[in-house]
There are 2 protein chains.
Amino acid sequence: MQSKPFIPARPVYITAAGSVAGSKEKRGPLGDLFDFCGDDRFGKETWEKAEAEMQRLALGIVLRKSELIDSEIDLLFAGDLVNQCLSSAFGLLDYRIPHLGLFGACSTCAEGMLLGAMAAGCAVRRAAVVTSSHFCTAERQFRMPVEYGGQRAPTAQWTATGAGAFLLSSGIRDAVRCEGEFVPRITELFPGCTVDRGITDASNMGAAMAPAAADTISRYAAGGGSLSDAAIVTGDLGAEGSGILVDLLRAEGIDIGENHTDCGLMLFDPETEDVHAGASGCGCSALVMAASILSDMRKGTVGDVLFVGTGALTNAMAACQGQSIPGVAHLVRISPVSKQELKEAGGN
Amino acid sequence: MQSKPFIPARPVYITAAGSVAGSKEKRGPLGDLFDFCGDDRFGKETWEKAEAEMQRLALGIVLRKSELIDSEIDLLFAGDLVNQCLSSAFGLLDYRIPHLGLFGACSTCAEGMLLGAMAAGCAVRRAAVVTSSHFCTAERQFRMPVEYGGQRAPTAQWTATGAGAFLLSSGIRDAVRCEGEFVPRITELFPGCTVDRGITDASNMGAAMAPAAADTISRYAAGGGSLSDAAIVTGDLGAEGSGILVDLLRAEGIDIGENHTDCGLMLFDPETEDVHAGASGCGCSALVMAASILSDMRKGTVGDVLFVGTGALTNAMAACQGQSIPGVAHLVRISPVSKQELKEAGGN
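Residues numbered from 1 in each chain as written. Chains lettered and ligands numbered in written order. Predicted model: local features only at pLDDT ≥ 70, side-chain atom pairs only at ≥ 80, totals over all residues. Heavy atoms only, no water.

Undergrad: Mind showing me how you'd approach the overall build of chain A here?
TA: If you tally the helices and strands in chain A, you get 11 helices and 13 strands. Here chain A has a C-alpha radius of gyration of 19 Å; the compact-globule value for 348 residues is 20 Å, and the two agree. C-alpha extents for chain A along the principal axes are approximately 55 × 50 × 35 Å. Per-residue burial for chain A yields a buried fraction of 66% across its 348 residues. Expressed as a percentage of contacts within chain A between residues at least 6 apart in sequence, the contacts between residues at least 24 apart total 81%. Taken together, the 28 basic and 41 acidic charged side chains of chain A have centroids lying 7 Å from each other. (Helix = DSSP H or I, 4+ residues; strand = E, 2+ residues; numbered from the N terminus. Rg over C-alpha atoms; globule rule 2.2 N^0.38 Å. Buried < 20%, exposed > 50% of the residue type's maximum accessible area, 1.4 Å probe, protein only. Contact = heavy atoms within 4.5 Å. Lys, Arg positive; Asp, Glu negative; His and termini not counted. Charge placed at Lys NZ, Arg CZ, Asp CG, Glu CD.)

Below, the structure written as structure tokens:
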């Protein structure tokens, strides 16, 4: 296991992002920032088809913003929470792009960025990353029938309804053409190990994932990665998991309190939407990164970001068998590069 | 979408492989070639834990053969058919190696090799690929309770019980140290698009996957890839899918008849074990590649191989909703390199 972060072999820029969200997300603090919001059914007769449709729309938005067609993209990295990742399989069928399926639970967005950036070393010019989640598909698959309206525990997180898509390009011309004064560039990759601390409470994913996030962040720091000059954005630990992460790192002498935010705490306003411990799901960090963090980075109001995608690895059968819930967390450093700098470097 | 195959940025060798199989597989034609065979329970109280245990054992065998410990491996690429890929999550927990979860159904073994080889361009020195399937976990998850003993259709394939692990290394010293006169080297990568031809019969995965395999192989040929000088090894189309693949390609003027074999047709002897259309599952192609094809390549009795992993993207909910079954197929070219050649190139 390499102790230092991996560095993309060629510069990799996130040249466009698209976000598609549900109605509850539309009412949240980021509601006005999403590219498209729907009524949670998105014109389809099942929740599963609705989730697939969000992926289709999100990638379509990215292609439109980039003025590209599908044949100009080399690879798709996609995944979701639905069994066998079918939201990605069905949602992206319309696009003729080679499809590499990922499963990292809620860390899938970060995992896709990490692998997309690695692929640039192998002459992949442009890769797209697409992830999604839907409250209703996740609820009935992992927990209860949606109609049942079961009472939720205080530590439970609310699965976000939404999809995010990102275009990764190693082309400096793509980077110069994209929106904003600054271009987000993926500068470091630090994949995480699975970590199991014996959590068995399916209503407390934050506690299951926080040890994995702490493991990744402390290994990153030990390998020379810098924590002090970047915002640490985890996704999605929620209130419970964020507190545990801060405590676990403090016990190792690492204080991230000031620098840390969590995507699960940014999607809903606790004053108006009580979702208990916050939001979660592959769509949550994708929405927050696409609509808020990367958008702010393009404007120059956000500097370096350590995006730490966190996933809880569980299913309904494992819960019935009393299995614990391992977590995993992948770190991607994203740094703003000014357009001016790119133009001087030869992009025009 | 690039029309030409991607080439690993640095040479990538498959320096070791490990195979762990169940009792029915042990009785098949490759039975004596597996590194370890068990009684399908592998000492565990559930089928799911047994499948995870096979992954743990398979990677352990690869580490032992390579005389390496987990901390000397940079990345794990792992996946399986169990919901949320939990066989990989639990099976590989003992190893402290960054874990990237994949879902490509039965194409996962090829997908892992493809991504592992791409990662070499990003200073990843060694990556492991691990996949598995288990008849009982798959049967009860996708079809019927195992005890039900439902009658199977003639086109149905039998999910293999087994796990395969592979060590990919870009180090010439690792390559020179490994077993055999020849070292398998990954020379071309050609990821596949999802293809949906409207198949809805969950007992005919071969028909669902064959169009994806045909699409990948014909695009590979159109992009300059050579089919005539390599054995085309699909995994796992079975008898039904293999016939469809040959016909589909013939209609495009491509004749692979002589060159084609399928992992699903190699695991069981139809004379003694009637599994209808053959074997399938993430474990099937992993077992055949690890115990037979790559082993023969090391001895010099097999030349270039186009390993075309095929996956059917479906789940129980989609079947109930009447959804079709898209397929996907990823191609990896593996070529033998003689030890002599490697030594002359500086490995000692």
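So much for the structure itself; the text now carries on.
Undergrad: What am I meant to see in the relation of the copies chain B and chain A here?
TA: Relating one copy of the chain to the other requires a rotation about an axis plus a shift along that axis. Mapping chain B onto chain A calls for a rotation angle of 180° and an axial translation of 0.0 Å; the resulting RMSD is 0.0 Å. What the rotation and shift describe, once combined, is the action of a two-fold rotation axis. Both copies share a contact surface, since 100% of the interface residues of chain B are interface residues in chain A too. (Least-squares fit on C-alpha atoms with pLDDT ≥ 70 in both.)

Undergrad: I keep staring at the side chain of Asn 83 of chain A and nothing clicks. Help me out?
TA: By the element assignment, Asn 83 of chain A lies in the loop between β3 (75-80) and α3 (86-91). Among the polar contacts made by the side chain of Asn 83 of chain A, one reaches the side chain of Gln 84 of chain B at a distance of 3.1 Å. When near neighbours in sequence (up to four residues on either side) are disregarded, Asn 83 of chain A contacts Gln 141 of chain A together with Asn 83, Gln 84 and Asn 315 of chain B. (Polar contact = N/O pair within 3.5 Å; in protein donor to acceptor, adjacent residues only side chain to side chain.)

Undergrad: Can you walk me through the interface of chain B and chain A in this structure?
TA: Interface extent is often summarised as the accessible area lost during association of the parts. On the chain A side, the residues contacting the 67 residues of chain B number 67 residues. Three residues, Met 1, Gln 84 and Arg 96 of chain B, lead the burial of chain B against chain A; their summed loss comes to 15% of the area buried on that side. Taking the shortest distance from any N to any O, the salt bridge between Asp 215 of chain B and Arg 96 of chain A comes out at 3.0 Å. One can count 20 residue pairs in polar contact (both at pLDDT 80 or more) joining chain B with chain A. Residue contributions to the side of chain B that touches chain A peak at five residues, all from helix α4 (residues 108-119) of chain B. Each residue belonging to the side of chain B that touches chain A can be placed in one class, and the counts come to 38 nonpolar, 17 polar and 12 charged. (Buried area = accessible area lost by both parts, 1.4 Å probe. Salt bridge = Lys/Arg side-chain N within 4 Å of Asp/Glu carboxyl O. Nonpolar A, V, L, I, M, F, W, Y, C, P; charged D, E, K, R; others polar.)

Undergrad: Any chance you could explain the pairing of strand β3 (residues 75-80) of chain B here in plain terms?
TA: Taken residue by residue, a regular strand's side chains alternate between the two faces of the sheet. Residue and element names in this part refer to chain B. Of all six residues in β3, six are buried, a share of seventy percent or more. Side chains Leu 75, Phe 77 and Gly 79 of β3 all project onto a buried face; the interleaved residues Leu 76, Ala 78 and Asp 80 project onto the opposite face, where all are buried too. In terms of strand pairing, β3 meets strand β5 (residues 126-133) through six bridges, oriented parallel. Bridge assignment links Gly 79 to a residue of β5, and that residue is Thr 131. As judged from the three bridges shared by β3 and strand β4 (residues 99-101), these two strands associate in the parallel manner. Its bridge partner being in β4, Phe 77 is matched across the sheet by Leu 100. Regarding topology, helix α3 (residues 86-91) serves as the crossover connection from β3 to the parallel β4, and that connection is right-handed. (Pairing = 2+ DSSP bridges. Right-handed = clockwise from strand over helix to strand, strands pointing away.)

Undergrad: Looking at this structure, how should I read the packing of helix α2 (residues 47-66) of chain B against helix α5 (residues 135-143) of chain B?
TA: When two helices pack together, their arrangement is given by the angle between the helix axes and by the axis-to-axis distance. All names here are of chain B. Direction vectors running N to C along α2 and α5 enclose 135°, while the axes themselves pass 8 Å from each other. The orientation of α2 with respect to α5, classified from their angle, is oblique. Two packed elements cross with a definite hand, and for α2 against α5 that hand is left-handed. Counted together, Trp 47, Glu 48 and Glu 51 of α2 and Cys 136, Thr 137 and Arg 140 of α5 form the full contact between these two elements. (Axes fitted to C-alpha atoms, helices over the stretch in contact; angles between N-to-C directions. Parallel < 35°, antiparallel > 145°, perpendicular 65-115°, else oblique. Left-handed = near helix turned anticlockwise from the far one by under 90°.)

Undergrad: Looking at this model, I keep getting lost on the state of the cysteines. Mind explaining?
TA: Formally, a disulfide is one covalent bond, and it connects the sulfur atom of one cysteine to the sulfur atom of another. Residues and elements named next belong to chain B. Applying the stated rule across the entire model yields zero disulfides over all chains. We note that Cys 37 lacks a disulfide partner, and the nearest cysteine sulfur, in Cys 284, lies 14 Å from it. With no disulfide of its own, Cys 284 has Cys 263 as its nearest cysteine by sulfur position, at a separation of 5.8 Å. Using a relative accessible area of 0% as the deciding quantity, one classes Cys 284 as buried. (Disulfide = S-S within 2.5 Å.)

Undergrad: Explain helix α7 (residues 205-222) of chain A to me, please; I cannot follow it from the model alone.
TA: Owing to its 3.6 residues per turn, the α-helix aligns residues three or four sequence positions apart on the same side. All names here are of chain A. Relative to the 26 Å expected for 18 residues at 1.5 Å per residue, α7 spans 26 Å between its end C-alpha atoms, a close match to the ideal helical length. Burial of α7 is extensive: 16 of the 18 residues sit out of reach of the surface. Where α7 terminates, the next one or two residues include Gly 224, which has phi positive at roughly 100°. (Expected span 1.5 Å × (residues − 1).)

Undergrad: Please clarify how the pattern of salt bridges should be interpreted in this entry.
TA: A side chain of one charge can pair with a side chain of the opposite charge when the charged atoms of the two come close. All chains considered together, the criterion is met by 39 salt bridges over all chains. Here Lys 49 of chain A makes a salt bridge to Glu 45 of chain A, at a shortest N to O gap of 2.9 Å. Residue Lys 49 of chain A is classed as buried on the basis of its relative accessible area of 18%. The partner of Arg 125 of chain B in a salt bridge is Asp 74 of chain B, with the nearest N and O atoms 2.9 Å apart. Linking Arg 125 of chain B in the loop between α4 and β5 with Asp 74 of chain B in the loop between α2 and β3, this pair joins segments that are 51 residues apart in sequence. Note on Arg 125 of chain B: relative accessible area 41%, which makes it partly exposed. A relative accessible area of 0% means that Asp 74 of chain B is categorised as buried.

Undergrad: What's the story with helix α2 (residues 47-66) of chain A in this structure? I'm lost.
TA: Residue and element names in this part refer to chain A. Here α2 contains 20 residues, and its C-alpha end-to-end distance of 29 Å stays within 8% of the 28 Å for a straight helix at 1.5 Å per residue. Taking burial as the measure, the 20 residues of α2 include 15 buried ones, the bulk of the element. Count one or two residues on from α2 and you reach Glu 67, which has phi positive near 55°.

Undergrad: Explain the packing of aromatic side chains here, please?
TA: Each aromatic ring pair is characterised by the separation of its centres together with the angle its planes make. Residues and elements named next belong to chain B. For the coordinates displayed, the defined rule picks out six aromatic pairs over all chains. Measuring from centroid to centroid gives 6.4 Å for Phe 36 and Phe 42, while their planes differ by 45°, and the two rings are tilted. Judged by its relative accessible area of 38%, Phe 36 falls in the partly exposed class. You can call Phe 42 buried: its relative accessible area is 10%. Measuring from ring centre to ring centre gives 5.6 Å for Phe 190 and Tyr 220, while their planes differ by 70°; the resulting arrangement is edge-to-face. (Phe/Tyr/Trp six-rings, centres within 6.5 Å; stacked < 30°, edge-to-face > 60°.)

Undergrad: Hey, could you run me through the environment of Gly 327 of chain B in this one?
TA: Position of Gly 327 of chain B relative to the elements: it lies in strand β13 (residues 327-338). Excluding residues that lie within four positions of it along the chain, Gly 327 of chain B makes contacts with Cys 193, Thr 194, Val 195, Ala 208, Met 209, Ala 212 and Gly 311 of chain B.

Undergrad: Explain unusual backbone geometry here, please?
TA: The phi angle of most residues is negative, glycine excepted, and most peptide bonds adopt the trans form. Asp 236 of chain A follows Gly 235 of chain A through a cis peptide bond whose omega is 10°. Along the chain, Asp 236 of chain A falls in the loop between β9 (231-235) and α8 (238-251). Positive phi outside glycine occurs at Glu 67 of chain A, with the angle close to 55°. Structurally, Glu 67 of chain A is set in the loop between α2 and β3. Here the phi dihedral of Ala 105 of chain B falls at roughly 50°; this positive angle occurs in a residue that is not glycine.

Undergrad: It is not clear to me how the side chain of Thr 310 of chain B should be interpreted in this structure. Could you clarify?
TA: All names here are of chain B. Tracing the chain through its elements places Thr 310 in strand β12 (residues 305-312). With relative accessibility at 0%, the residue Thr 310 sits in the buried group. Apart from residues no more than four positions distant in its own chain, Thr 310 is found in contact with Cys 106, Ser 107, Met 209, Ala 213, Gly 235, Asp 236, Leu 237, Val 328 and Ala 329.

Undergrad: Where do I start with the environment of Asp 247 of chain A in this structure?
TA: Summarising the element assignment, Asp 247 of chain A is placed in helix α8. With 10 residues separating them in the primary sequence, Asp 247 of chain A and Gly 257 of chain A have C-alpha atoms 9.2 Å apart.

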